[in-house]
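Take a look at the letters that make up each chain.
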Amino acid sequence: MGTTDARKRGAYCHRCLEPAPPKATRCPLCGEPIHRPANIRKILAIFGLLVFVAIVAVSIRMIHSSPPPPDAAGEPDIVRPGAPDKPPADQVKPALGQ
């Protein structure tokens, strides 16, 4: 019964599959390292979150510090509600055979 409890907790050697004491860092029989750092997932999650927050902060700062884009035609776009749109200028296209 003790071996199944040890295997459920992960306190066994991955090399020789023998149960090991819970606090042991190496297998008493073969010397293989038993426990990996338990907090590696938490450390990686915190690091990823910090990188994400830093990228968002830099993006927001770049958006606020950049100048507004120039007008494409040099004319201010004044939109009057209820006014019709301007029709496009007539363009003469050459015939297909020419």
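The paragraphs below set out a description of the structure included in this document. (Residues numbered from 1 in each chain as written. Predicted model: local features only at pLDDT ≥ 70, side-chain atom pairs only at ≥ 80, totals over all residues. Heavy atoms only, no water.)

1. Some points on the overall build of the protein chain
Quick reminder of the rule: A run of H or I in DSSP becomes a helix once it reaches four residues, and a run of E becomes a strand once it reaches two; helices and strands are each numbered from the N terminus. Each residue gets one of three labels from its accessible area relative to the maximum for its type: buried under 20%, exposed over 50%, partly exposed in between, using a 1.4 Å probe on protein chains only. We call two residues in contact when some of their heavy atoms are within 4.5 Å. Computed by Shrake-Rupley with a 1.4 Å probe, the accessible areas treat only the displayed protein chains as cover when residues are assessed.
The secondary structure content of the protein chain amounts to two helices and zero strands. Out of the 98 residues belonging to the protein chain, those deemed buried represent 7%. When contacts within the protein chain are restricted to residue pairs at least 6 apart in sequence, long-range pairs at least 24 apart make up 5% of them. With the model as given, the accessible surface of the protein chain reaches about 9600 Å², and the carbon-plus-sulfur share is 62%.

2. Thoughts on the nonpolar core
Our working definition: Definition used in this section: a nonpolar core is a set of buried Ala, Val, Leu, Ile, Met, Phe, Trp, Tyr and Cys residues joined via side-chain atoms within 4.5 Å.
Counting five residues, the largest nonpolar core consists of Cys13, Ala20, Ala24, Cys27 and Ile34. If near-sequence neighbours (up to four positions away) are discounted, Cys27 is found in contact with Cys13, Cys16, Glu32 and Ile34.

In short, geometric facts, not functional conclusions.
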